[in-house]
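If you want the building blocks of each chain, they are given just below.
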Amino acid sequence: MWTLEKFYAETGSGFLKSCSRRSTGKVKFINLTRRTEIGANSYYLEAGGRRLVLDSGMHPKFQGEEALPNLKAFGDRRLDAIIVSHSHQDHIGTLPVLMRRQPQARVFMTEATAEIGTTLLHNSVNVMTRQREELGTTLYPLFTHRETDRVADRWQLCALRQAYTLAGERTSPNDGDSLTFEFFDAGHVLGSTGILIRAEDRTLFYTGDVNFDDQTIAQAAVFPEEKIDILIMECTRGDTPVPATWSRVGEEQRLAQAIENAFARGGCVLIPVFALGKTQEVLAMLYKLRREKILDFPIYIGGLSTKITEIYDRRALMGRRQLPRLQLLDELRPFVLNAETINDARARAGRVYALSSGMMTPKTLSNIFAQRIVEQARHSIFFVGYADPESPARILRNALPDQQVKLDPDEAGQRVRCHLEQFQFSAHASRESLIGFAERVKPKKVVLVHGDPLAVEWMRARLASDLADSEIIVPMPGVELEL
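Just so it is clear, the model here is predicted, and its values are computed rather than measured. (Residues numbered from 1 in each chain as written. Predicted model: local features only at pLDDT ≥ 70, side-chain atom pairs only at ≥ 80, totals over all residues. Heavy atoms only, no water.)

Colleague: Please set out the layout of surface pockets residue by residue, giving values where relevant.
Modeller: If you add up the space inside the second largest pocket, you get close to 420 Å³. In terms of lining residues, the second largest pocket is bounded by 24 residues, among which Ala112, Leu190, Gly191, Gly319 and Arg320 are the most central. Taken together, the residues of the lining of the second largest pocket break down into 11 nonpolar, 8 polar and 5 charged. (1 Å grid on protein atoms, 1.4 Å probe; cavity = no way out; pocket = protein on both sides within 12 Å on 5 of 7 lines; lining within 4 Å. Points joined across faces, edges and corners; volume = space filled by probe spheres on them. Nonpolar A, V, L, I, M, F, W, Y, C, P; charged D, E, K, R; others polar.)

Dropping the structure here:
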């Protein structure tokens, strides 16, 4: 099998040779993530004589400098712009640091991304402040509340389906500017976008995180269908086939039955969720169960999830979405837990606890609550989205009955006796729909990012077979390429 290690070994020297040439008109690219994985997502681009960075994420597993993208990879070059696809922490979490180092760069995103991003960055300051005490590191916080407010004032908010110059001016796609960009709805979470860049006579499209299927709230992505020269594409679900019998309606029915079964055993249900996106999608599914008189039960969510849900409710009628009149907090009236009240929250039968983080990171609400119920057979933990291979959520999800797991390195191991179940409600595109999109836009080059090694390798092999006239590139982290 052709692994990524072999791929790098056999093609890496060619990449390096191509970087030594400095012909004009080339598109230069550097993968600023430190490894081939889903981490601190960030990508350097040079095209049309302009320099920009797409996204500036924070790695959820590491601390300090290791949590940052590899910003040293593009050296002392000055950026013209930073363009943010959406507000998940692994895409926006270190934006204040990058802006501090590149104060001249203009910053662009959608209005919803800005509103959510400000909330998440302020929460990140709180988390890093606590970690400063727990870890004893003077590096944290990487930025402050004051700096977050200051940099947010400099963000320029952009509409969908409108071309902009890097000076922030609206323009038409073909008016002669050296580089323009345009946002397209990515169908992933509120405010998420793919980014179309036109530079001289070339087009480049960055998918960001995308979903080509409708969710309970988010509608499917609407991406350009014309030919693209260079496609930078996410690969999150590259190692996960979609079952032939899967449908979202069927999966929602399976979730309803699983909740009912859990309650019949005298237990509660924990659903680890991301505060942004997955919380609101799960709440909408639970609302439908209540509306259709299938099930009605108390729901608990976290404090950050509540803040993000308030933004979803305020913006319900402002864009493309399912159930546009649904006000989640008014309809469901969830109870709110936080870092203090979680310690006194008992696992009560007949209740659903939709708590972050989705990966059950140690010290988060979902991790603390999971430790409380994992050894009790009557309770259930349902997984509804992506989890990093080394995260507590993935470790627990893959555990066998009665296997000992350690959900927090600072706590004792525990036996898995609760009921575990996995559901397919990913906010990321299936690998089949990603391949289909690539086949429709017929790129000359495909650059594969945002995926674990097995996911990226499956996508590389499949695209190499299906798109014989396209060059399929897995960019080695930190290495400059000429596309």
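Colleague: Which residues make up the environment of Arg101, and what values do they have?
Modeller: Along the chain, Arg101 turns up in helix α3 (residues 95-101). Accessibility expressed as a relative area gives 41% for Arg101, which makes it partly exposed. Sequence spacing of Arg101 and Leu276 is 175 residues, and the spatial spacing of their C-alpha atoms is 27 Å. (Helix = DSSP H or I, 4+ residues; strand = E, 2+ residues; numbered from the N terminus. Buried < 20%, exposed > 50% of the residue type's maximum accessible area, 1.4 Å probe, protein only.)

Colleague: Lay out the pattern of salt bridges with the relevant residues and their values.
Modeller: Under the counting rule described, the total for this entry stands at 35 salt bridges. Here Arg34 and Glu65 are joined by a salt bridge, their closest N and O atoms 4.0 Å apart. With Arg34 in the loop between β1 (28-31) and β2 (43-47) and Glu65 in the loop between β3 (50-54) and β4 (81-83), this pair connects stretches of sequence that are 31 residues apart. When its relative accessible area of 27% is taken as the criterion, Arg34 is described as partly exposed. You can call Glu65 partly exposed: its relative accessible area is 34%. In this structure, Glu281 engages Arg248 in a salt bridge whose closest nitrogen and oxygen atoms are separated by 3.9 Å. Residue Glu281 is located in helix α7 (residues 278-291), and its partner Arg248 is located in helix α6 (residues 248-264); the two are separated by 33 residues in the primary sequence. When sorted by exposure, Glu281 lands in the same class as Arg248, which is buried. Counted as one network, the salt bridges with shared partners bring together Arg34, Arg35, Glu37, Glu65, Glu66 and Arg101. (Salt bridge = Lys/Arg side-chain N within 4 Å of Asp/Glu carboxyl O.)

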